[in-house]
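Examination of the molecular architecture
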Amino acid sequence: MPSEVESKLLIVDDLPENLLALDALIRGHGRRVFKAQSAEEALGLMLAHDFALAILDVQMPGMNGFELAELMRGTERTRHIPIIFVSAAGREMNYAFKGYESGAVDFLQKPLDPHVVASKVNVFVELYSHKKALRREVDALATLHREQEALVEQLQATHRELERAVRMRDDFMSMVSHELRTPLNTLYLETQVRKLHLSKGNTVHFGPDRLPAMIERDQRQIQSMVRLIDDMLDVTRLRSGALTIQPKPTDLVFLARAVVENLSQQAEAAGCAVSLHAPESAPGSWDEFRIEQVITNLLTNALRYGGGLPVEVSVHAAGQWAVVSVRDHGCGIAEEDQRRIFEQFERTEESRRKAPGLGLGLYITRQIVLAHGGEIEVQSAPGEGATFTVRLPLGAALLKLAPPAPPVPAAEPAKQ
Ligand SMILES: Nc1ncnc2c1ncn2[C@@H]1O[C@H](COP(=O)(O)OP(=O)(O)O)[C@@H](O)[C@H]1O
Ligand SMILES: [Mg+2]
């Protein structure tokens, strides 16, 4: 609204009585009148304030009104202030000043006619108010425009993110189906074969020399499906913050040995000789089940991507840390992939071509290690194998998961 804008008016005259008279004529609601008795004083005020109008006496000692207007024209800040010249000289004299840039130049003749003064000043003040209001609207529009642009950018980013999420979900679905299908197919074929044998009364097929191997095979398929589903459940737990660590005194060497033993058949199938280098014991306080999962994931990867070459698992204590590392001599991992393989679903191109997998193992592994206050890193170069090293604080897990706050004493009434 134009009327809300305060208009500052500058009057310049060397005679104080003229200033007073003019002030009385032009003052009004929403206006502030500034007075200057010389061109210099006027310029100072103009630099400090934004004026809606300057009324300049033409005849002044020193710099006259026209000269002051010249100076105003030369300065960016004052160039656009409309001017009314006041002069006692004839009308034609007043046109001596030409070409003032704003074009907003008018003239008043002495003696001043109050009505003429009021109406001229009103015109300029109105003009100024409108200009100000317009500028405000333009500024508001520009802000709105910028906000809209930011919003559009945000929407586009969300859209891209959603597209990526949908793509990831689709990839994930097809990977999971594929991963589940392989062991299921094998099991299904096995049952078909067994059914056939049974129907033919071929019981020798189920004899004591064959049965244990048969069960072993079945178990492997089932285990691989259970592992897959467990991984997916773990990722869901991690996302909802529901994966908890329950540390208790345990031994890293004991856990590493158990994993190496558990995976001995898998190692044999992969053609990898697994060796364990460890001291007698490496005690600490960790979640046994989760640390076993960590070592299992690392060793499974070493067998899977180790190219049938020997794999070394080693455990040692270093200051306040217990360290377990798994080293293989397989295809290795390029530097640019070494960070991302710890993220969900991230696999290298090479492994994508070679072996099935969901790309969840290292993600889960890293989260478990971090939850223990530990760290995991990989050292590798393409073609030179990989060494995954996990450092676990000996007691930090206990420190991290502080015991719950003591209960409120019974005597204290519960707060409402
Ligand atoms: N020992 C290793 N040697 C080479 N590449 C590895 C090794 N361990 C992990 N990787 C790479 O990291 C990726 C992610 O590993 P992981 O999260 O365990 O998923 P997955 O084994 O299901 O592919 C693997 O697909 C592979 O590309
Ligand atoms: Mg893996």
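Within each chain, residues carry numbers counting from 1 in the order of the written sequence. In the order they appear in the text, chains get letters beginning with A and ligands get numbers beginning with 1. Where totals are concerned, whole chains, interfaces and linings use all residues; where local detail is concerned, this predicted model gives features only for residues with pLDDT of at least 70, and gives and counts side-chain atom pairs only at 80 or more. As a rule here, side-chain values come from all non-hydrogen atoms in the structure, and water together with hydrogens is ignored.

So, on to the pattern of salt bridges. Salt bridge, as used here: a side-chain nitrogen of Lys or Arg that lies within 4 Å of a carboxyl oxygen of Asp or Glu. Within this structure, the stated rule accounts for 22 salt bridges. Between Arg135 and Asp139 there is a salt bridge; the shortest N-O distance is 3.3 Å. Of this pair, Arg135 and Asp139 both sit in helix H5 (residues 114-199), 4 residues apart, which is roughly one turn of the helix. Put simply, Asp337 and Arg340 hold a salt bridge, and the shortest N to O gap is 3.0 Å. Linked through salt bridges whose partners overlap, the residues forming this network are Glu190, Arg194, Arg217 and Asp218. Put simply, DSSP marks the helices as runs of H or I at least four residues long and the strands as runs of E at least two long, and each gets a number from the N terminus on.

What follows deals with the site of ligand 1. Around ligand 1, the surrounding shell holds 19 residues, and the nearest of these are Asn301, Asp328, Arg347, Ser351 and Leu362. The definition of a polar contact used here is a pair of N or O atoms within 3.5 Å, where within protein one atom must be able to donate a hydrogen and the other to accept one, and adjacent residues in sequence count solely through side-chain atom pairs. Within the side chain of Ser351, a nitrogen or oxygen atom sits 2.5 Å from an oxygen atom of ligand 1. Methods summary: accessible areas were calculated by the Shrake-Rupley approach with a probe of 1.4 Å, and residue burial reflects only the protein chains presented. Compared with its free state, where it exposes 530 Å², ligand 1 has 97% of that area covered by protein. Every element with two or more residues in the shell around ligand 1 is listed here: helix H9 (288-305) and helix H11 (361-371). Take the shell around ligand 1: its biggest share by element is 3 residues, from H9. Side-chain classes follow a simple rule in which Ala, Val, Leu, Ile, Met, Phe, Trp, Tyr, Cys and Pro form the nonpolar group, Asp, Glu, Lys and Arg form the charged group, and the remainder, Gly included, forms the polar group. Its residues assigned to classes, the shell around ligand 1 comprises 8 nonpolar, 7 polar and 4 charged. In these notes, residues near a molecule or strand are those with any non-hydrogen atom within 4 Å of it.

All right, on to the domain arrangement of the protein chain then. The accessible area lost on association of the parts is a frequent measure of interface size. Examined at the domain level, the protein chain breaks down into domain 1 (2-136), domain 2 (165-225) and domain 3 (248-400). By definition, residues are in contact when any of their heavy atoms lie within 4.5 Å. With 8 residues of domain 2 in contact, the opposing surface of domain 3 contributes 6 residues. Defined in terms of a 1.4 Å probe, buried area is the accessible area two parts forfeit on being brought together, summed over both. Between domain 2 and domain 3, roughly 650 Å² of surface is buried when both sides are summed, and carbon and sulfur atoms account for 71% of that area. Of all residues in domain 2, the largest losses of buried area upon contact with domain 3 belong to Phe172, Met175 and Glu179, amounting jointly to 62% of the total for that side. Seen at the junction of domain 2 and domain 3, the total is 0 salt bridges. Counting across the domain 2 and domain 3 interface gives 1 residue pair in polar contact (both at pLDDT 80 or more). For the side of domain 2 that touches domain 3, the secondary structure elements donating two or more residues are H5 and helix H6 (211-240). Ranked by the residues each element gives to the side of domain 2 that touches domain 3, the list is headed by H5, at 6 residues. Domain start and stop positions are those given by an automatic or database domain assignment.

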